[in-house]
Amino acid sequence: MQDPVVALTDRDLLLHVAPAAEVVTHVVAEADVPLGDWTFFDGVGLPLTAETDDSGVLVGFVETSPGVVPSASDKQLLVDRLHSFLARAQVRLDAENAAAGGTPAHVRVPRVDGDLPDVITALNAVMRLPTSQPDVRDWLHNLGHRLGLI
């Protein structure tokens, strides 16, 4: 398994991209989202299975099919799912600005193009951008929470 790990809900409404230990922490914190609603992938698109403790709490990940390499279409589908999440975030951001009586802000959700590993690496970097507030993990992650996407 290669970090970072991608966690997406089944309808691509929630997204986390981070090292495995951080994804575990965030998914566990999303108590209102059943573990079964999440799908997990490693940094090159390998599907991951959630490992749980005896009480059913997520503790880590293992490769779903060790040694099986995802096909080009499987990788493209994951890129498309990531793009879907990002597009949804942009629409929500624009709607939030319009509802506040303003014109759409010149704030754009990142668009990341390329092969799957490049997209995952870029999203991991964006989701980990430092901020001036020590309790704020990252801009995109917190935008998702504010918009109700994460």
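Here the structure is a predicted model, which is why all the values come from computation and not from measurement.

**Quick notes on the overall build of the protein**
- A count of helical and extended segments in the protein gives 4 helices and 5 strands.
- Listing every helix and strand of the protein by position from the N terminus yields β-β-α-β-β-β-α-α-α.
- A burial count over the protein gives 40% of its 150 residues as buried.
- Of all intrachain contacts in the protein linking residues separated by at least 6 positions in sequence, the fraction that spans at least 24 positions is 55%.
- Of the roughly 7,900 Å² that the protein leaves accessible, carbon and sulfur atoms contribute 55%.

**Details of helix α2 (residues 72–99)**
- An ideal rise of 1.5 Å per residue puts 40 Å on 28 residues; α2 measures up with 40 Å between its terminal C-alpha atoms.
- Trailing α2 by a residue or two, Gly101 shows a phi angle of about 90°, which is positive.

**Notes on the confidence of the model for the protein**
- Across the protein, the average pLDDT comes to 83, with 81% of residues at or above 70.
- When pLDDT is averaged over each helix and strand of the protein, the minimum, 63, is found for helix α4 (residues 139–146) and the maximum, 95, for strand β3 (residues 38–41).
- In this model, residues 133–137 is a region of pLDDT below 50 whose contacts with residues beyond four sequence positions or in other chains number 10 contacts.

**A closer look at the sheet that holds strand β1 (residues 5–9)**
- Taken in spatial order, the 5 strands of this open sheet run β2-β1-β3-β4-β5, and their pairing is antiparallel. At either margin of the open sheet sits one strand with a lone partner, and together these are β2 (15–18) and β5 (58–63). The sheet shows a mean angle of 30° between the axes of neighbouring strands, direction not considered.
- Across 4 bridges, β1 lies against β3 in antiparallel orientation. Note that in β3 the partner of Ala7 across the bridge is Phe40.
- Seen against the sheet, helix α1 (residues 20–29) touches β1, β2, β3 and β5 and runs at an angle of roughly 130° to β5.

**As for the pairing of β1**
- Among the 5 residues in β1, 5 count as buried, and that is most of the element.
- Side chains Val5, Ala7 and Thr9 of β1 all project onto a buried face; the interleaved residues Val6 and Leu8 project onto the opposite face, where all are buried too.
- Where β1 meets β2, 4 bridges bridge the pair, whose relative direction is antiparallel. In the sheet register, Val5 faces β2, and the bridge partner there is Ala18.
- Linkage of β1 to β2, two consecutive antiparallel strands, is achieved through a turn of 5 residues, within which Asp12 is found at a positive phi near 60°.

**Some thoughts on the pairing of β5**
- As defined by bridge partners, strand β4 (residues 47–52) adjoins β5 across 5 bridges and the pair is classed as antiparallel. Counterpart to Glu51 in the pairing with β5 is Gly60.
- Hairpin connection from β4 to β5: 5 residues lie between these consecutive antiparallel strands, with Gly56 at a positive phi of about 85°.

Reading the values: the criteria
- Within each chain, residues carry numbers counting from 1 in the order of the written sequence.
- Reporting in this predicted model follows two pLDDT cut-offs: at least 70 for local features of residues, and 80 or more for side-chain atom pairs to be given and counted; totals over whole chains, interfaces and linings ignore these cut-offs and use all residues.
- Calculated side-chain values reflect all of the structure's heavy atoms, with hydrogen atoms and water omitted.
- Only DSSP runs of H or I covering at least 4 residues are called helices, and only runs of E covering at least 2 are called strands; the numbering of each starts at the N terminus.
- Buried residues are those whose accessible area, probed at 1.4 Å on protein chains only, stays under 20% of the maximum for their type, while exposed residues exceed 50% and partly exposed ones sit between those limits.
- What makes two residues a contact is simply this: any of their non-hydrogen atoms within 4.5 Å.
- Accessible surface area values rest on a Shrake-Rupley calculation with a 1.4 Å probe, where residue burial reflects the displayed protein chains alone.
- Each residue after the first adds 1.5 Å to the expected span of a helix.
- The predictor's confidence in any single residue is recorded as pLDDT, a number from 0 to 100.
- For two strands to be treated as a pair, DSSP must find at least two bridges joining them.
- To obtain each axis, a line is fitted to C-alpha atoms, and for helices this fit is confined to the stretch in contact; angles are then taken between N-to-C directions over 0 to 180 degrees.

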